[in-house]
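Take a look at the letters that make up each chain.
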Amino acid sequence: MKEVNLVSLLDRYNTDDRCREALESIRWPDGSVACFRCGDTDVTEIPSRNQFRCVGCKYRFSVTAGTIMHRSHLPLRKWFLAVYLMCESKKGMSANQLKRTLGCQYKTAWHLCHRIREAMGNDPFTGPTLFGIVEVDETLVGGKTKGKGRGYRGNKHWVAGAVERGGQVRIERVPDIRKGTIHDFVRRTVADEADAIYTDELASHAGLETDARRHETVNHSQEEWVVGDVHTNSVEGVWSLFKRSIVGSFHKMSVKHMDRYLEELEFRFNNRANPYIFRDTLARIVRTDPLEYRRLIAPVENGDGKG
């Protein structure tokens with residue numbers, strides 16, 4: 001699939017048939033269609049219904065079966081436009097904006113946004129990915145509570161972040177900023193072979209150095225922001241981008257769904273220079289399991305998690 005911009009997207013994928021062909025080329029790149037239910041490749045095409053039929057188990061399926069698009073009644077061309085807009089919107093795309101752009105119901109747009117976010121996060125990191133100079137910081141995310149002062153944190157949640165300068169970011173919601181929590185986050189995200197970790201003066205950051213990796217700090221409480229090349233401006237820029245997206249695009253965010261918003265930011269930031277981010281997002285779309293609306297609105301167990 002070629003690099004796309006908005007004009008070429010509208011020209012190239014202006015019908016559901018063209019969108020379907022693109023998805024089929026991504027899901028089955030060698031042209032060997034496999035049954036969603038049993039995996040058998042002995043299938044026949046049913047062109048009149050845009051479906052395939054498995055000769056073995058007799059199951060009928062389409063290219064979207066078993067994916068995040070499973071049983072969606074939204075036209076594929078609208079799916080493609082929504083994916084593109086969420087990939088290219090630096091501060092995110094609200095469900096209300098998507099509703100107006102696509103001409104659909106708010107419920108449809110809200111479900112659509114969360115399904116695309118789910119796909120964006122469907123390639124979890126399995127180990128440390130950050131090298132070179134890495135900045136580590138934490139921030140509180142949450143709004144104000146009526147009747148409570150500015151220092152009230154009952155509705156706020158900690159998010160830890162690590163950014164490789166000129167490279168990737170890793171973001172994760174954490175229960176607290178105790179030393180064990182922060183060190184565990186760093187151990188899972190930053191390679192021991194990294195050149196250095198730069199942080200602020202938080203006591204929990206002490207001891208992040210290794211035999212091969214140094215740890216240096218700036219003291220923000222003493223109005224010390226930059227010492228040589230030691231600073232945390234890059235990771236703080238990520239926090240600024242995330243909080244501007246909440247204020248300017250989303251307006252509010254439930255902790256139940258916060259992980260998806262963080263995964264969306266992480267994916268888009270890490271692909272900021274990727275000319276094929278649209279194609280790569282579609283690739284995640286076709287290999288992500290369905291996310292039903294009832295699961296999205298279900299009560300959260302133990303007050304945590306995605307729900």
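Residues numbered from 1 in each chain as written. Predicted model: local features only at pLDDT ≥ 70, side-chain atom pairs only at ≥ 80, totals over all residues. Heavy atoms only, no water.

(A) Fine view of helix α5 (residues 106–120). Taking 1.5 Å of rise per residue, 15 residues should cover 21 Å, and α5 covers 21 Å from first to last C-alpha, within 8% of that figure. Among the 15 residues in α5, 12 count as buried, and that is most of the element. Regarding α5, the residues found buried are A109, W110, H111, L112, C113, H114, R115, I116, R117, E118, A119 and M120. In the core, the buried residues of α5 are packed alongside α3 (76–88), α4 (95–102), α7 (233–250), α8 (258–270), α9 (277–285) and α10 (293–297). (Helix = DSSP H or I, 4+ residues; strand = E, 2+ residues; numbered from the N terminus. Expected span 1.5 Å × (residues − 1). Buried < 20%, exposed > 50% of the residue type's maximum accessible area, 1.4 Å probe, protein only. Contact = heavy atoms within 4.5 Å.)

(B) Geometry of the sheet that holds strand β3 (residues 60–61). Taken in spatial order, the 3 strands line up as β1-β2-β3 in an open sheet, and their pairing is antiparallel. With partners counted over all chains shown, the strands left at the sheet margins are β1 (43–46) and β3, one partner each. In this sheet, β3 lies alongside strand β2 (residues 51–54) in antiparallel orientation, the contact comprising 2 bridges. Within the sheet, the bridge partner assigned to R53 lies in β3 and is R60. (Pairing = 2+ DSSP bridges.)

(C) Layout of the packing of α7 against α8. Across the interface, α7 lies against α8 with an axial gap of 11 Å and an inter-helix angle of 120 degrees. As judged from the angle between their axes, α7 and α8 are oblique. The crossing of α7 and α8 is right-handed. Between α7 and α8, the residues in contact are V238, L241, F242 and F250 and Y261, L262, E264, L265 and F269, respectively. (Axes fitted to C-alpha atoms, helices over the stretch in contact; angles between N-to-C directions. Parallel < 35°, antiparallel > 145°, perpendicular 65-115°, else oblique. Left-handed = near helix turned anticlockwise from the far one by under 90°.)

(D) Inspection of the environment of S245 at higher detail. Position of S245 among the secondary structure elements: in helix α7. Judged by relative accessible area, S245 falls into the buried class, the value being 5%. With 152 residues separating them in the primary sequence, S245 and M93 have C-alpha atoms 8.5 Å apart. When sequence neighbours within four positions are dropped, the list of residues in contact with S245 reads K91 and F250.

(E) Examining the nonpolar core more closely. Core analysis: the largest hydrophobic core is formed by 50 residues, its most contacted members being F61, F80, L98, I116 and F278. Sorting the residues of this core by element identifies α2 (16–27), β2, α3, α4, α5 and α9 as the ones contributing at least two each. Here this core takes 10 residues from α3, the largest share from any one element. Aside from chain neighbours lying at most four places away, what touches L98 is A82, L85, M93, G103, C104, A109, L112 and C113. Within the second largest apolar cluster, 18 residues are counted, among which are V159, W239, L241 and M258. (Core = buried A, V, L, I, M, F, W, Y, C linked by side-chain atoms within 4.5 Å.)

(F) Region of interest: the packing of α5 against α8. Between α5 and α8, the least distance of the axes is 8 Å, while the angle of their chain directions is 60 degrees. By the angle between their axes, α5 is oblique relative to α8. For α5 against α8, the interelement crossing comes out left-handed. Between α5, through H114, R117, E118 and M120, and α8, the contact on the second element is made entirely by R260, Y261, E263, E264 and F267. In terms of residue class, the contact of α5 with α8 is made up of 3 nonpolar, 1 polar and 5 charged. (Nonpolar A, V, L, I, M, F, W, Y, C, P; charged D, E, K, R; others polar.)

(G) Representation of the pairing of strand β6 (residues 169–174) in the model. Burial within β6 is extensive, with 5 of its 6 residues counted as buried. In the sheet, strand β5 (residues 157–164) pairs with β6 via 6 bridges, with the strands oriented antiparallel. Its bridge partner lying in β6, W158 is registered against V174.

(H) Representation of the confidence of the model for the protein in the model. In this model, the protein carries a mean pLDDT of 92, and residues with pLDDT of at least 70 account for 94%. Per-element confidence in the protein ranges from a low mean pLDDT of 90 for α7 to a high of 98 for strand β7 (residues 196–199). (pLDDT = per-residue confidence, 0-100.)

(I) Quick look at the sheet that holds strand β4 (residues 133–141). What the 5 strands build is an open sheet, ordered β6-β5-β4-β7-β8; its pairing is mixed. The strands lining the two open edges of the sheet, one partner per strand, are β6 and β8 (214–217). Taken over all neighbouring pairs, the strand axes of this sheet differ in orientation by 20 degrees on average, direction set aside. Judged from the 8 bridges that link them, β4 and β5 form a sheet pairing that is antiparallel. Among the inter-strand pairings, V134 is bridged to a residue of β5, identified as E164. Along the sheet, helix α6 (residues 179–189) contacts β4, β5, β6 and β7; its crossing angle with β6, the most-contacted strand, is approximately 150 degrees. The sheet contacts of α7 involve β4, β5 and β6, and relative to β4 the element is tilted by about 35 degrees.

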